Amino acid sequence: MATSKHNRRIIYPPGVKEIKHDLSKDELVRRLKALATVLQEVPQEGERCQYADLACFLGEDFFIKHSNKDVRVVVACCLADLFRIFAPDEPLKEPEKIKGIFLFFGKQLRGLEDVENSNFKRYYYLLENLAWVKTFNVCMELEDNQEIFVKLFQTMFSIIHDGHSQKVRSDILDLLSTIIAEADTVSQDLLDSILINIIEPHKTENPNAYQLSVDILKKTTMIIKPYIQTFFNGILILGKTSTTDLGDHMYELIYELHQITPSILLAVLPQLEFKLKSSEEQERVNVTRLLAKMFSDKDSELASENKSLWQCFLGRFNDINVAVRTECVRFAAKFLLNHPSMGADLQDRLRERQHDLEETVRHEVVLALATVAKKNLTILNDDMLNNIKERMLDKKWKVRKEATLAVAHIYKKYMNTPTQPDTATLERIRWMKNKLMHMYYQENIDDRILVERVFSTSIVPFNLPPEERMKRLFQLYATLDEHSVRAVNEMFRSQCTIRSQVNALTQIHQTHEVHTDEVIKAMTSKLITIARTLPEPVKAQDYLKKFNEMLAEDKTLLMNVESLVNPDCTCSKAETSVKNIVNKLGNPKLHTPFLETARTLLERIAPLLIDNDAIQALLQLIDKSVNQIEDEDIDDVADEGAVSRGLKLLLMLSSVYPGGFKTQNCYEQLITFLRHDSEELVSIALQIFINIGKGIEESHSDVASCLIPILQSKAKAGSPKQAKHAVRCIYMISKNRIGLFDQIFEQIKRDLDFESESLLGCLTALGHIGNLCPQVFSPKLKPLVTKFVVKGLLMNDREPCKTKHTSWCTKAQVSYEVQAKMRGIKLITLWLLGMKNNQSSVAKSTFKMLSTLILNHGDLMENKLINACDMAHLRLTAGCSILKLVQEQCYHEVITTDQIQTVGGLINDTCADVRRLFTQKLHRGLVSMKLPLEFLAILSLCAKEPIKERRLFAKQLIIKNFNVRREFLKQNTTGAGKLHSILPDYVIPHCIYLLAHSPSFVTPDDFTSLRETRECLWFLVESLVTKNDDYNYSFIRKLIESMKQCKDAQHPDDADANKKLYVVCDLALSLISAKNPSYNVLKFPTDPVLPSNLFTAIDKEVDASRNHLPKGFDPNHPGNKSKQRDAAAPPAAPGKNRSRNDSELTDSASAAAAEEFEHEPTTNPSRRSRNTSNESQSGRKRDISSESDEAAPTKRQRVDQKENISTTSNKTNRALKQTTFDDTIGNKGKGTKKQPPSSSKTDPTTAKRKSPASKKSPEESQNTRQRRTTRNSAKFKHYSESSGEEEVSEEDGDDVIPSTTSTPQTSARVPTKAQLKSPPEPTQRRNVCNIQTRDQQSDGEENTPQSASPPTPSTRNSYRRSTRSTAVVSAPSPGAPANNETVQLNVKRRMNRSRRP
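Residues numbered from 1 in each chain as written. Predicted model: local features only at pLDDT ≥ 70, side-chain atom pairs only at ≥ 80, totals over all residues. Heavy atoms only, no water.

Before going further, it helps to spend a moment on the overall build of the protein. Helix and strand counts for the protein come out as 63 helices and two strands. Taking contacts inside the protein between residues at least 6 apart in sequence as the whole, the part at least 24 apart equals 77%. Accessible surface computed for the protein: about 60700 Å², of which carbon and sulfur atoms make up 49%. (Helix = DSSP H or I, 4+ residues; strand = E, 2+ residues; numbered from the N terminus. Contact = heavy atoms within 4.5 Å. Areas by Shrake-Rupley, 256 points an atom, 1.4 Å probe, with all protein chains shown as cover.)

Now for the nonpolar core. Grouped together as the largest cluster of nonpolar side chains are 357 residues, with contacts concentrated most on Phe 105, Phe 136, Phe 232, Phe 455 and Phe 492. Among the elements that take part in this core, helix H4 (residues 69-86) stands out by supplying 13 residues, more than any other. Apart from the residues lying within four places of it in its own chain, the contact partners of Phe 232 are Ile 237, Met 250, Leu 253, Ile 254, Leu 257, Leu 265 and Val 268. Judged by nonpolar contacts, the second largest core, of 33 residues, contains Leu 544, Leu 551, Val 565 and Leu 595. (Core = buried A, V, L, I, M, F, W, Y, C linked by side-chain atoms within 4.5 Å. Buried < 20%, exposed > 50% of the residue type's maximum accessible area, 1.4 Å probe, protein only.)

Taken N-terminus to C-terminus, the directions of helix H31 (residues 555-565) and helix H32 (residues 571-585) make an angle of 150°; their axes are 9 Å apart at the nearest point. The angle between H31 and H32 falls in the class roughly antiparallel. Considering only the axes of H31 and H32, their crossing is left-handed. Facing Thr 556, Leu 557, Asn 560, Val 561, Ser 563 and Leu 564 of H31, the residues of H32 in contact are Lys 573, Ala 574, Ser 577, Val 578, Asn 580, Ile 581, Lys 584 and Leu 585. (Axes fitted to C-alpha atoms, helices over the stretch in contact; angles between N-to-C directions. Parallel < 35°, antiparallel > 145°, perpendicular 65-115°, else oblique. Left-handed = near helix turned anticlockwise from the far one by under 90°.)

An α-helix turns once per 3.6 residues; consequently, residues spaced three or four apart project the same way. For helix H42 (residues 759-772), with 14 residues, the first-to-last C-alpha span of 20 Å sits near the 20 Å given by 1.5 Å per residue. Most of H42 is tucked away: 14 of the 14 residues are buried. (Expected span 1.5 Å × (residues − 1).)

Tracing the backbone through its elements, the reader meets Arg 737 in helix H41 (residues 737-751). Along the chain, Arg 737 and Val 727 lie ten residues apart, while their C-alpha atoms are 9.2 Å from each other. Apart from the residues lying within four places of it in its own chain, the contact partners of Arg 737 are Ile 730 and Tyr 731. A distance of 2.9 Å separates the side chain of Arg 737 from the backbone oxygen of Tyr 731, its partner in a polar contact. (Polar contact = N/O pair within 3.5 Å; in protein donor to acceptor, adjacent residues only side chain to side chain.)

Considering all chains together, one arrives at 45 salt bridges under this definition. Note that Asp 319 is salt-bridged to Arg 316, the shortest N-O span being 2.5 Å. Residue Asp 319 is classed as buried on the basis of its relative accessible area, which comes to 0%. Classification of Arg 316 as buried rests on a relative accessible area of 0%. Residue Arg 472 pairs with Glu 468 through a salt bridge whose shortest N-O separation is 3.0 Å. (Salt bridge = Lys/Arg side-chain N within 4 Å of Asp/Glu carboxyl O.)

What follows deals with the packing of aromatic side chains. Scanning all chains against the criterion turns up 24 aromatic pairs. Ring centres of Trp 310 and Phe 313 lie 5.9 Å apart, and the angle between their planes is 25°; on these two criteria the pair is classed as stacked. Of this pair, Trp 310 and Phe 313 both sit in helix H17 (residues 307-315), separated by three residues, roughly a single helical turn. This pair shows no difference in class: Trp 310 is buried, exactly as Phe 313 is. Within the aromatic cluster, the residues linked to one another by ring pairs are Phe 83, Phe 102, Phe 104, Phe 105 and Phe 136. The cationic tip of Arg 737 hangs over the ring face of Tyr 731; the distance from NZ or CZ to the ring centre is 4.6 Å. The ring of Phe 1019 carries the charged tip of Lys 955 above its face, separated from the ring centre by 4.7 Å. (Phe/Tyr/Trp six-rings, centres within 6.5 Å; stacked < 30°, edge-to-face > 60°. Lys NZ or Arg CZ within 6 Å of the ring centre and 35° of its normal.)

Packing of helix H53 (residues 1007-1026) against helix H55 (residues 1055-1075) leaves a shortest axis separation of 10 Å and a crossing angle of 45°. On the basis of their axis angle, the class for H53 and H55 is oblique. Every pair of crossing elements has a handedness; the one defined by H53 and H55 is right-handed. Contacts between H53 and H55 involve Leu 1010, Thr 1013, Arg 1014, Leu 1017, Trp 1018, Val 1021, Val 1025 and Thr 1026 from the first element and Val 1063, Val 1064, Leu 1067, Ala 1068, Leu 1071, Ile 1072 and Lys 1075 from the second. A per-class count over the contact of H53 with H55 returns eleven nonpolar, two polar and two charged. (Nonpolar A, V, L, I, M, F, W, Y, C, P; charged D, E, K, R; others polar.)

All right, on to helix H46 (residues 868-885) then. Relative to the 26 Å expected for 18 residues at 1.5 Å per residue, H46 spans 26 Å between its end C-alpha atoms, a close match to the ideal helical length. When you tally the buried positions in H46, you get 17 out of 18 residues, the bulk of the element. At the N-terminal boundary of H46, the capping side chain belongs to Asn 867, with an oxygen 3.3 Å from the backbone nitrogen of Cys 869.

The next thing to look at is the confidence of the model for the protein. Residues with a pLDDT of 70 or more make up 77% of the protein, whose mean pLDDT is 79. Below a pLDDT of 50 lies the segment residues 1-7, which in the model reaches 15 contacts outside its immediate sequence neighbourhood of four places, other chains included. Below a pLDDT of 50 lies the segment residues 1120-1397, which in the model reaches 585 contacts outside its immediate sequence neighbourhood of four places, other chains included. (pLDDT = per-residue confidence, 0-100.)

What follows deals with the side chain of Asn 560. Along the polypeptide, Asn 560 turns up in helix H31. Contacts of Asn 560, omitting those with residues within four sequence positions, involve Ser 577, Asn 580 and Ile 581.

Along the chain, Lys 1059 turns up in helix H55. Setting aside residues no more than four positions away along its own chain, Lys 1059 makes contact with Pro 1004 and Asp 1005.

Note that the residue after Ala 87, namely Pro 88, is joined by a cis bond; omega there is 5°. Here Pro 88 shows up in the loop between H4 and helix H5 (95-108). A cis geometry characterises the amide bond from Glu 200 onward to Pro 201, with omega recorded as 5°. Mapped onto the elements of the fold, Pro 201 is located in the loop between helix H9 (188-195) and helix H10 (202-205). Its identity is not glycine, yet Asp 299 carries a phi of approximately 70°, on the positive side. Topologically, Asp 299 is positioned in the loop between helix H15 (281-296) and helix H16 (302-305). If you check the backbone angles, Lys 864 has positive phi at about 60° while not being a glycine. On the secondary structure map, Lys 864 appears in the loop between helix H45 (842-855) and H46. Lys 864 sits in the exposed class, given a relative accessible area of 75%.

This is the structure:
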């Protein structure tokens, strides 16, 4: 026994010595340990009151605040045992002392952190004792017990770690969960101490504390549930966030709690429905993100358990806020992967959002669907897969890129696998290869580079062995559609062109060590050309200059580049060279703009697919297909069509990779093809020899000696195609070409007979011999042409042809005699092209004969012995021959204007196929800039085309030709001196002259003829005045007025001819004036150059302002010709009238025309990239607390790259009126009035009825326009037209040398300053919760561009916007030199700008 300092006797258990304050540290520890050991054995029964003083003694500050940790831990164990002995009573009565002891317990439990501590067992004993006895229940009666609990919980969460055993973890969990279970209340601080561990960053930084909190929440769910509900209700409903630090993490807490124990939030989740309809955008974003995660989690049943909340969440897909819609779409992939049954609910929402106005939302839709497709394609239905397909034509590059990569990845996953996918999967992905290749028709260079990348990585992976790689390429080429095949051909040719440019650059480095000014100029020219083939050409040019400097400094780098562009480079060597070059340029892991540009260039020039081994493997595959040898590798490509495709693939590769064919095995295989019975196989083999035969006599003389006799035989007795290619092959291969040609010529001359079966081939061979060697054979051919071809063949109809009831037939169905006549015409054409001499009368006689043939509808002698089909072919052949001849300057000088008028009439031929093929041939000559500018005027006659799709496509051809010529002037300053023959504006004089002398324009007083002439004129002029940023109104007006001061050069004394010329000029003036009513008419400083063969010299004394139009004729009246023509157009073929939503090739008007006109590779055969509508979102306000967002369903607004505004729905009409009313209010006080949104389908007559301006007199309208000059300028909404080209099937004898170059690329249109400065559209009233959109529907045949007829004053009203008046006078050409006239013009432009308000 001992006495305390309060003179109370302290009773110790038996065997325990007295404990005093003055004991030494070691002695004190020893006695305390003895006490602890005895107390552990003391039971709860018996005399326990005697130890109350001992408990009070040990609870003094001397012990609980002792500096020695051993003392403290032993004292804690003793006190814990004393509380155990006294349980359920407490040994102490003073609340403050009890609080101190329990805070002391919490501090001592921190010792559990170090499991290596010598006292760890005592710390664990303390924990176990407190947990088992539930000692902390003593604190429940204390007023400030929450402080004790909070500190204890914080201590436990901070010390727990991976080193603790499961037993320690279990005791800690029991201790803490007991406190929550037994406590009368759970304070917010205590709740925070638990919840803070389940959110970031605590969740990641201390996963053990996270797991402990999870275990506590699961174990005490029913107890802690009311407190959590109260916590969330206070924040969600009352907004109480000041009482807790977790208010900012509310949604994260809800998600984590739902993951841990969903039942704890049963009363909380309904509150989120109101948050979804909050007027605060950020709040809707947060709750949408939360619910998206909760609904999409695997094994989540929330959607089925809370359908009201699910439906409310689905409504957020139409939220007005972009971030909310983005969050909804972002989790779509998890929805579909974890809950495929939700696909039905999400399908319509995703379809709407893939047409969203915002690029980010559309991009997220593509990402989500692509993620699902990559993992499990079966989850996506056909509609969802079609959504990815449609976004491949998105307006934004980012969306197009993601969609394209997704499709490529899907294709690679299912097609480039050892096991063949099932039939259903094959059917679903069948469209992908064609769609990917159609992307190559996009004008954006990024799209083309992307297609090239996915072609070599996903469609035909470059890392496959040569045999497997060529098998894939053969199978692909054999199964692609025609447009895709053309895209593949153009892709290889483009890469070949870039490779040749880089090769030329390396040759300059090799041959010129010293870089003089001339060398630098040559290098710069090459760099500019290469830069145009890369993204952002201006920046790419700077990076290429740096690359060029590195080539000059680093010889190793130069050698690697030379190896890469060497014709003998193999695929494996190319891959190694690319890696070496990239390593030389910098760190490959970095993605600097310079490195990205270099990588792109290397990808385009590296031959990763084709080399000698690949060509040999491909030849073997095609040989097996030709000979129908059974092989599992070619079973699916052994049919006749696939063999033909394989041969064409070989032909294309021979022009791109000729070095890959120059092996003995390849030569022998090709000679085997020449001995085959198939005409197509022999013809293609001959063309391949033309491409690869140069130098064959030196390298493989045995092959040449075997080949030449075969070529002679084909030239003498082969088919026309074989004879043509055989002659050209001899010219390419043999040095003794003159001797061989002489042998062929003499034999053909001896055997030439009208009854000969080889007559067609003989005529073809003679024509090409005369074309290739004109100096030797032109004199010999003249008597044959005169006597045999002209007099004996063309002017002699031997027997009547069989009558056919159709106006057109295939070439094979044409009678043999007419085929011979066509070959005779081509022979004369080739002969003249070889001579290139206009001094003799042969050219004039030829033009006269061909013109007569056209005038006589194909019956030269008018004997009426030729049927309609044959006459159509003869007309077409004559017209194409004239176009071929006039591409030479010497023959262009010979042809007369009347003959040009005659050949131009073929574009309005009675036979639709003649019109189509002639337009195709005309376009090819114009777009290559081989035909003179005056022939571009012939396209104006396409306004009379009865088939609407072809008429629209002809308009695209006009725009394409204009763009090519403008681009040429920008890139070639040397062309500035010949503006009158290049600048598109100078086509107007030719067009006016052509229309004034049109046979249908009989008299200038005939209103019907005037309207028809006006439509033709506008058909051409419209693209000049609406699609040209360099449009110069003053120049064109001066050009037309100058023509009114001239006379017809061909008939200067004919008053009627001159009057018709002046009338057409006045029609042109009225059209451009109506289009530009607000322009200040400035005097152009110089006189334009007029064609001297069409117009006499300008007479300044003639009044150019005089109006020659007949009285009563309104030049701006649209007339009804176009409607009549559309009504008369033949019905479309079955299956070609598809919905505008379909993205296949025949979706749009241009695609329908593509079925008629065969596109060239630079033209998009599919629907053009859809332009995202910039139209403001409008809608009715709705109550944000409505029970369902689906109560008033929204209309989907298509974000396609063609804008079709619906005019068939009454609701849409009301929405348009409401929008106009809102816009007018929004502009109130600004001096402008918002006009109703116009569409490309506006009917001019309807617009005239609606427009108030149409009720004014002409004088009032003119005054109104003059006032508007100082106030508003008319601005027109342009419809987006895709520029296209057409491809004519190769006519025998048309081309001298096969061309591998592509047509010039057009640059993107840059907005004018007036457009950039136009005021923004007024903000409309919008619902904060839902997007209200208008469905833009297709109007079928009524969906004609606004440019189908010229603008009238009434239609102009509907297009006018609130922009300031601007008088713009630009130079005649962007490439014109800065001469004195141009300087004066620029000065006037600046002066004019300074006057702007």
